[in-house]
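Chain by chain, the residues:
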Amino acid sequence: MYRGFSWQSEWHTKEILDKLNSNETTTLKGYYVQAGYFFHNTFEWWPKHLEMAGRHAAYRPDNSIRQKFTR
């Protein structure tokens, strides 16, 4: 946290080796970012311990997995 502003993020990568069916490697990826601000630094009426925060997350599935099991 710096002057009322906070930030947190992560990047995820996972590799899966399918030894049972095909010896193919599948890669899954995703991330999230989160930011917040304690507005009592800007507005006197804002409660001191109340932080306004937002978060965004996404992932990229391997669509070839779905195609294998829907045949």
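A short tour of the structure in this document, coming up. No experiment lies behind these values; they were computed from the predicted model shown. (Residues numbered from 1 in each chain as written. Predicted model: local features only at pLDDT ≥ 70, side-chain atom pairs only at ≥ 80, totals over all residues. Heavy atoms only, no water.)

### Structural notes on the side chain of Ser-6
Line of reasoning, step 1. Mapped onto the elements of the fold, Ser-6 is located in strand β1 (residues 5–17).
Line of reasoning, step 2. At 2.5 Å, the side chain of Ser-6 and the side chain of Glu-51 are in polar contact.
Line of reasoning, step 3. Setting aside chain neighbours within four positions, we find Ser-6 in contact with Met-1, Gln-34, Ala-35, Gly-36 and Glu-51. (Helix = DSSP H or I, 4+ residues; strand = E, 2+ residues; numbered from the N terminus. Polar contact = N/O pair within 3.5 Å; in protein donor to acceptor, adjacent residues only side chain to side chain. Contact = heavy atoms within 4.5 Å.)

### Comments concerning the packing of aromatic side chains
Pairs of aromatic rings are described using the distance from one ring centre to the other and the angle between the two planes.
Line of reasoning, step 1. Evaluated as defined, the whole model comprises six aromatic pairs.
Line of reasoning, step 2. Arranged with centres 4.9 Å apart and planes meeting at 80°, the rings of Tyr-37 and Phe-39 form a pair that is edge-to-face.
Line of reasoning, step 3. Arranged with centres 6.2 Å apart and planes meeting at 25°, the rings of Phe-39 and Phe-43 form a pair that is stacked.
Line of reasoning, step 4. Since its relative accessible area comes to 25%, Phe-39 is described here as partly exposed.
Line of reasoning, step 5. An aromatic cluster is built from Tyr-37, Phe-39, Phe-43, Trp-45 and Trp-46, whose rings are joined through pairwise contacts.
Line of reasoning, step 6. Over the ring of Tyr-32 we find Arg-55, and its NZ or CZ is 4.4 Å from the ring centre. (Phe/Tyr/Trp six-rings, centres within 6.5 Å; stacked < 30°, edge-to-face > 60°. Buried < 20%, exposed > 50% of the residue type's maximum accessible area, 1.4 Å probe, protein only. Lys NZ or Arg CZ within 6 Å of the ring centre and 35° of its normal.)

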